[in-house]
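So the chains spell out like this:
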Amino acid sequence: MSAATDHSAPQIQPYRTGLRPEILGLIIFLVSEAALFGAFFMYYTNLRVLKGIPWPGDFDIPADSTSINTLILVLSSFTCEFALLSLDRRKNGAVFGWLLLTFLLGATFLGLQVHEYMIVGFTPADQSTGAIFFTLTGLHGTHVFIGLVLLLLGMIRALAGRWSPERHSGLLAISIYWHFVDIVWVILFTVVYCLPSS
Amino acid sequence: MTAVLKPTLARCLWVAPAFAALAILITVAARSLVGMTPVLQESTLLTVAYIAGGIGFIVGIGGFDYWFTWMRGGELDPNDHSQHGAHSWGDYFKFNTDHKVIGIQYIVFTFIMFLVGGMFAEIFRSELANPGQQVVTNQQYNGLISQHGVIMIFVFMVPVFAGIGNYVIPLMIGAADMAFPRLNAVSFWLLPVAAFTLLSSFMFGSFDGGWTGYPTLSEQSGYGMTLYQLGVQLAGASSIATAVNFLVTIIAMRAPGMTLFRMPLLVWANLATSALVVAATPFIAGAQFMAMFDREMGTHFFTVAGNGDTLVYQHIFWFYSHPAVYIMILPGFGIISEVIATHARKPVFGYRAVAFSSAGIAILGFAVWAHHMFASGMEPWLRVPIMLSTLLIAIPTGIKIFSWLGTMWGGVLRMTTANLFAIGFIFTFVIGGLSGVMLAVVPFDVSITNSYFIVAHFHYVLFGGSIMTIYAGFYHWFPKVTGRMYNEVLGRWHFWITFVAMNLTFFPMHYQGLEGMPRRVADYAPQFAWSNMLISIAAFILGASTLIFVYNMIHSARHGKKAGANPWGGLTLEWMLSSPPPIFNFPATPRVIGGPYRYGEEGAKHAIVPEVEPATVETTV
């Protein structure tokens, strides 16, 4: 490669889509995450819907108390959106505040889920239904945990004053991820907690 | 000495074990705190060590450096190109963000894995040459055939197309690089981690469940089976990351004027393939998670005692693994379109049909998975619909075959090695497709299931299909990558020996299957002795022919005749750059003004590459 043909900087061209590439990339990645949940839903549907196998020990799944968890998570999606809407030039204080609120709501959700794990009365090693209950909700819980970490990183960058109306794709990405986590939970809650098995 | 502190492979030598050791410590502490006995459970500690060590390897090579800076709120410089471009051969052993470097890293690494997987085949072919057991035990044999399949599929066949696409696609669409160059590099470096995980399972007795790993055998096997489950997930993660990259690059970074129907067909092929990867690969990840939890955490997904269901593993597994076979052939179809059009100097016949059929195969590919399960005892009503959808999916593939034949018809075929492989591909892939259509028919499939007929079918479509396209692509783009011509005489020897040996190796397997020889067995009934000897001899010739190729590539890269920018007279954008291309590819954004295959049209151009950016430049954030 001679110096004459070694172009020292990339040419700059406008992207073809209205969406920033990193956001498009995140959305496509979230399709793959939805497919991952799909694999576990496939197992769940086969076991509980098609074959009607009951929870261990005829456990009565607590749809009522968990609906409060659902409301908390849905609320956290709103606060996350407010963080985006509050972006302005002067400082990231409002962004920090809304992200913190989202974080606290998410952490509460996770804590209540952990509490539920402790009172269900069976373990993942208790039969196939125990296995799918814990892995499906646990996979979601892991995603919530990752979301909390991302929210924390968003807060760190807010403290450093890095978000602005021109540069905030990271914040948009965090919030899209958080909404994804919320939507998956709503589907999970409906299918696992609310729908009766055959 | 400072190499062990800078992001290099040398640094991985201590960072990866450090991560593994830390994970073991944390696990031991957690287990003793919670009261799980035995605290020092070998399989658990090994598993966390492998996972953490793999992450540590990527940290050591510098894969997360930029993201760590972002995470702690540090200042970022998007114009920092210090990790970009091949300035010396050492760059190929580092974390490099240049798609051309990554493409070559992929191609060289996966080809080495091809040779490793091929070596396993030669070992078990030497066992199969004679009836009785001479070379390996049953357990070793099972380990070898399982490793052969897994290595070939997950660390050769799927990623080699990622490598070819990585090198060629940004050039073909007029881009400076891929959309996410750092993620691209991480995708590559996950492959050695996956390969290490899979191959090191030999230390633990390997895994014996074939490449499919069905429970309940997978629950009873030695520790090597867990490494199979882990390795598959690592390779899957690499694949998904690459697919996200390809999709965003192709959607968002095409040069102005390149509408979807002015894209070269290789780009269409990778678009369809990447959509398949994103939607399907997580299913095998899920299946292996569940199987691994059964092994390591005592869950009962697939045990009979725990009310589990072994059959649903097959459903989830094949829901990925059928689209996987299209993942392993669609990019190859794209390569063949490029090679035939260029070496026949004719536009592709039925461009839109080929483009739409790629999408059709991708979509329909999700509707046929249960044809791998006709004899599994699944619900009987599923068999006929799946048979119909399977027969249907032969149609879009057939459309492509006719398209390539139509492209060649009336053209002046230059019988370069690349073109020989493309034409040979049509011959052998159609044979594989015909046996596939036979297998779609349920009564036939049920009678020869688990026999060598199946082995014949998939080797015809994978070797006679995918591998022929890979060789065609290697020969076709060799001048662009190295700037030199390969030796055409050696290339022809390579083609003809490969073509004849491949047919001699795999065609007799159809007969063996029809006569009732089962697959995945180390020994067989005496009437199969002559055919097995013939196949083993042919297999060794096939293996040896690969050496001609390797010698040709290495020797020609250093001493071949200089190639110039466009030795084939191609019209797609990569041929408008020097060989090899400059580090950032184009001096200014190309303008695409027509289709990519306008051969024979007087004065037709696909694109113009200006020397300087013509108008005001819009900055991208």
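Residues numbered from 1 in each chain as written. Chains lettered and ligands numbered in written order. Predicted model: local features only at pLDDT ≥ 70, side-chain atom pairs only at ≥ 80, totals over all residues.

Digging into the overall build of chain A
- For chain A, the count of helices and strands is five helices and zero strands.
- For chain A, the C-alpha radius of gyration of 21 Å lies well beyond 16 Å, the compact-globule estimate for 198 residues.
- For chain A, the spread of C-alpha atoms along the three principal axes comes to 75 × 45 × 25 Å.
- Across the 198 residues of chain A, 33% fall into the buried class.
- Summarising the internal contacts of chain A: among those between residues at least 6 apart in sequence, 82% fall at separations of at least 24. (Helix = DSSP H or I, 4+ residues; strand = E, 2+ residues; numbered from the N terminus. Rg over C-alpha atoms; globule rule 2.2 N^0.38 Å. Buried ≥ 20, exposed ≤ 12 C-beta atoms within 10 Å, placed from the backbone. Contact = placed C-beta atoms within 7 Å.)

Describing the environment of aspartate 294 of chain B
All names here are of chain B.
- Along the chain, aspartate 294 falls in helix H9 (residues 265–296).
- Distance in space between the C-alpha atoms of aspartate 294 and tryptophan 493 is 50 Å, their sequence separation being 199 residues.
- The contact partners of aspartate 294, leaving out residues within four places of it in the chain, are Pro215, Glu219, Thr299, His300, Phe301, Phe302 and Thr303.

Concerning the domain arrangement of chain B
All names here are of chain B.
- Under the domain assignment used here, chain B contains domain 1 (1–72) and domain 2 (96–559).
- Between the C-alpha centres of domain 1 and domain 2 there is a distance of 32 Å.
- Across the boundary between the two partners, domain 1 contributes twelve residues, which contact twelve residues of domain 2. (Domains from an automatic or database assignment.)

A short note on the interface of chain A and chain B
- With 44 residues of chain A in contact, the opposing surface of chain B contributes 52 residues.
- Of all elements in the fold, only helix H1 (21–50) and helix H4 (127–159) of chain A reach the threshold of two or more residues within the side of chain A that touches chain B.
- Broken down by element, the side of chain A that touches chain B gets its largest block of residues, 16 residues, from H1 of chain A.
- Looking at side-chain class alone, the side of chain A that touches chain B contains 25 nonpolar, 13 polar and six charged residues. (Nonpolar A, V, L, I, M, F, W, Y, C, P; charged D, E, K, R; others polar.)

Details of the packing of H9 of chain B against helix H11 (residues 330–344) of chain B
Residues and elements named next belong to chain B.
- H11 packs onto H9 with a crossing angle of 175° between their chain directions and a minimal axis gap of 7 Å. In terms of axis orientation, H9 runs roughly antiparallel to H11. Here Leu265, Leu266, Trp268, Ala269, Asn270, Ala272 and Thr273 of H9 lie close against H11, whose contacting residues are Leu330, Pro331, Phe333, Gly334, Ile335, Ser337 and Glu338.
- Looking at side-chain class alone, the contact of H9 with H11 contains nine nonpolar, four polar and one charged residues. (Axes fitted to C-alpha atoms, helices over the stretch in contact; angles between N-to-C directions. Parallel < 35°, antiparallel > 145°, perpendicular 65-115°, else oblique.)

Observations concerning unusual backbone geometry
Residues and elements named next belong to chain B.
- In this chain, threonine 37 is followed by proline 38 through a cis amide linkage whose omega measures -10°.
- Among the structural elements, proline 38 can be located in the loop between helix H1 (9–34) and helix H2 (42–60).
- Put simply, serine 579 and proline 580 share a cis peptide bond, and its omega is -10°.
- When you line up the elements, proline 580 lands in the loop between helix H18 (529–559) and strand S1 (591–592).
- A positive phi angle is found at asparagine 450, which is not glycine, with a value near 65°.
- Tracing the backbone shows asparagine 450 in the loop between helix H15 (442–448) and helix H16 (452–482).
- Unlike most non-glycine residues, asparagine 585 shows phi in positive territory, near 65°.

Some remarks on the environment of isoleucine 554 of chain B
Residue and element names in this part refer to chain B.
- Inspection of the secondary structure puts isoleucine 554 in helix H18.
- According to the C-beta neighbour criterion, isoleucine 554 is exposed, with 10 such atoms within 10 Å.
- Each C-alpha atom, one on isoleucine 554 and one on glycine 308, is 53 Å from the other, the two residues being 246 residues apart in sequence.

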